[in-house]
Every structure is written in structure tokens, then in C-alpha cells.
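Okay, here's what each chain looks like letter by letter:
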Amino acid sequence: FVPSCSDFSSARKLPIFMASKVMRVFDRAVKELQRDRAARHPKVHLYEQLRDEVAWQVCDRLHDIARTFPRVLDLGSGRGHIGKILQPEVATELVQCDMSGETLRAFDKDARDLHLRVHCDEESLPFPDNTFDAVLSSMSMHWVNDLPRMLTEVQRVLKPDGVFIGAMLGGDTLFQLRGSLQVAEQERRGGFGPRMSPVARQSDVGGLLQATRFSLLTVDVEDFTICYPGLPELLDDLQGMGETHAAHRTAPLHRSTLLAAAAIYQSMYGTAEGSIPATFEIIHMIGWKPDPSQAKPLARGTGEMPLQQAIDQS
């Protein structure tokens, strides 16, 4: 584990611009503590099924691009989930950074480029402009308070015609749990508070990429549904992944409310086998840093065939 890389010693220090204008929904210090605690678990690998699967999909999208990327940044690397999959012939050098120092210390033994681990925050990257040929991010963006700033930073450190490939939790993630908690708290307390962290939706992500001047955008969504014996096992899995609630100013959840939520969850969503499903919505995104060499749409009115005619012939 290294706190910084000598190759990037010339990185400029960024001012905390717009700090007063950004709503700090997440307590990043609490989230770092949660990630640190998860990394210290003696059986941390048992909680990484979803992270490994999403990392595989991110790498698969990079592998589909017919080129070699000399230097790649893994933003929010966790314990090296992308580093276990990404092939050296695709990415010659992989720099892996995460907000949790304990996570970087507990790196998976099968991960690569262990000498290129960097402890840093996603919103202020300690790298010079035009450093990386590709930037990847898997399962970390949904805890960033200032996504526009983070995406601006990603574009800054990308070389022209560099690609950003990301995957984050979407708005319908754990909708079963959210609904059960709301009904239970309404019944027990006469109202409900924010028990789950807000996350972006597919339309939000496309707009953010466009606003931060990425080109050739692709955004798609995929759902993963995992079945658990009951609510305690689901909550234990979320804690083991370091994915529990980390918003500011949240009141404690009463035990009676939690027990009621477990019963409501089972009643509303339980399967015939007695388990409960938990859905994780993953938003995948691809954007390129603009470059004159990239393909551009033809000027309006230069088409040789009406669109309807082309559709009819296809």
C-alpha cells in the first residue's frame, strides 16, 4: 500500500470549488469507516459476489474496445476486483485508488499491480491532466456527493480520446427493502424518515455525462436479484459489503420497526420457498473525452434517404 505514486508527484492541488453549493448528502467519513470495518472482516471475500460480478461486466466493456490502453485508472477499486480480471494485454498498467486505506491494505492476493495503489478521494484526484488512457469505476460512484465534480475530474485526467467506463447502483436498488421499512415505520411511528441513501437514475446519469462534456455516450441498466433467508441476512450482507446507510442526520431505527419490516418484507415479496428477493439495479455508462479524431454526425439535411425508408428496408 502506498499513499501516493511518485509518477504523479507533479499533480496539481485542486481547490474545493463549489463546496458551499453542493448538498453533502453522504457522510464520507462514516462511509470510510464502514469500508474500513468491512475490509477487516476475516471472511470479507464472502461478501464480494456482487462487486466481482459488476467488475467483470466493466472489464468486459473495456475488452470490447479494439485497442490497448497503456495506463488505466481504477477509481474506487475496493480490494482489486477489476485488477483480478483486467488482462495485461488490454491494460499495460493499472493504477488502483480507493477512499478506504484498510481496503487497500487488504487487497486480494489475485489482484495485479499491487505497487500502484493510491489512497485518495474520488472528488479530488491527485493526478496531472491527460494522464490515463482509460478510467474505470465499479460500485463506488453512488457514494459520491458531487458527481459533476467527480466526472469533471475524470475527464481532466483522461487523455484526449480516452474512455470512461463506470457502473453504479441505480434508483430502484433494494426497492423491496425501502418499501418495507417505510410501511413499518409509518405503522409504528406515524411517519418515516430516509432509511436508504438516495441514488441516481438512468436519465440522471446520461444528463451528467453530457453536462461534463463527454461524447459518444452509452447508458444502460441491468438488474441483479439475490435471494436471502430473511431480512437479518440481507442487512448482514450489506454491512459486509460496506454498503449500509451513510447519510447525515439519521435517527436510529427502533427494534420493533425492524421486526415489523421483516414481517412486511416477507409478506409482500417473499417467495414460495420462504426466502426474500433483493434487487440491485446497476447503471452502466460509457463516455469518451472529446478528440478531433472521433466520428461526428453528418450535418443536418445531408442524408441521402428518409429515415422511415431506411427503417422499412431494414
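Residues numbered from 1 in each chain as written. Predicted model: local features only at pLDDT ≥ 70, side-chain atom pairs only at ≥ 80, totals over all residues. Heavy atoms only, no water.

### As for the packing of aromatic side chains
Taken as a whole and assessed by the stated rule, the structure comprises four aromatic pairs. Ring centres of Phe 164 and Phe 214 lie 6.0 Å apart, and the angle between their planes is 40°; on these two criteria the pair is classed as tilted. In this pair, Phe 164 is assigned in strand E5 (residues 158–169) and Phe 214 in the loop between helix H6 (202–211) and strand E6 (215–228), connecting sequence segments 50 residues apart. Like Phe 214, Phe 164 is buried. Ring geometry for Phe 175 and Tyr 269: centres 6.1 Å apart, planes at 85°, overall edge-to-face. Residue Phe 175 is located in helix H5 (residues 175–189), and its partner Tyr 269 is located in helix H8 (residues 255–269); the two are separated by 94 residues in the primary sequence. Residue Phe 175 is classed as partly exposed on the basis of its relative accessible area of 38%. Each member of the aromatic cluster is reached from another via a ring pair, and the members are Phe 175, Tyr 265 and Tyr 269. Between the NZ or CZ atom of Lys 31 and the centre of the ring of Trp 143, over which it lies, the distance is 3.6 Å. (Phe/Tyr/Trp six-rings, centres within 6.5 Å; stacked < 30°, edge-to-face > 60°. Helix = DSSP H or I, 4+ residues; strand = E, 2+ residues; numbered from the N terminus. Buried < 20%, exposed > 50% of the residue type's maximum accessible area, 1.4 Å probe, protein only. Lys NZ or Arg CZ within 6 Å of the ring centre and 35° of its normal.)

### Comments concerning the nonpolar core
Residues Leu 62, Leu 86, Val 163, Leu 234 and Phe 280 are the most contacted members of the largest nonpolar core, which totals 44 residues. In contact with Leu 86, not counting residues within four places along its chain, are Cys 59, Leu 62, His 63, Val 72, Ala 91, Leu 94, Arg 112 and Leu 136. Membership of the second largest hydrophobic core comes to 28 residues, among which are Met 141, Leu 147, Phe 214 and Met 285. (Core = buried A, V, L, I, M, F, W, Y, C linked by side-chain atoms within 4.5 Å. Contact = heavy atoms within 4.5 Å.)

### Regarding the pairing of strand E1 (residues 69–75)
Taken across its seven residues, E1 has six buried, putting it largely inside the fold. Pairing between E1 and strand E2 (residues 91–98): six bridges, direction parallel. The residue bridging Leu 73 from the neighbouring strand is Val 95, located in E2. Pairing between E1 and strand E4 (residues 132–138): four bridges, direction parallel. Within E4, the position partnered with Leu 75 by the bridge is Ser 137. (Pairing = 2+ DSSP bridges.)

### A closer look at helix H4 (residues 147–157)
The element H4 is extensively covered by neighbouring structure, given that nine of its eleven residues are classed as buried. Leu 147, Arg 149, Met 150, Leu 151, Glu 153, Val 154, Gln 155, Arg 156 and Val 157 are the residues of H4 that are buried. Check the buried side of H4 and you find it contacts E1, E4, E5 and H6. Sitting at the amino-terminal end of H4 is Asp 146, which places a side-chain oxygen 3.2 Å from the backbone nitrogen of Arg 149. (Polar contact = N/O pair within 3.5 Å; in protein donor to acceptor, adjacent residues only side chain to side chain.)

### Focus: H6
When H6 is considered as a whole, its buried residues turn out to be Val 205, Gly 206, Leu 208 and Leu 209. Burial along H6 is one-sided: seen end-on, the buried residues are contained in an arc of 160°. Exposed side chains of H6 directed beyond 90 degrees from the buried face belong to Ser 203, Gln 210 and Ala 211. On its buried face, H6 sits against H4, E5, E6 and strand E7 (276–288). Arg 213 sits one or two residues past H6 and shows a positive phi near 70°. (Arc of directions from axis to C-beta.)

### Here's the deal with the pattern of salt bridges
One pass over the full model with this rule turns up 18 salt bridges. Measuring nitrogen to oxygen at the nearest pair gives 2.6 Å for the salt bridge that ties Glu 93 to Arg 71. Of this pair, Glu 93 sits in strand E2 while Arg 71 sits in strand E1, and the two are 22 residues apart along the sequence. (Salt bridge = Lys/Arg side-chain N within 4 Å of Asp/Glu carboxyl O.)

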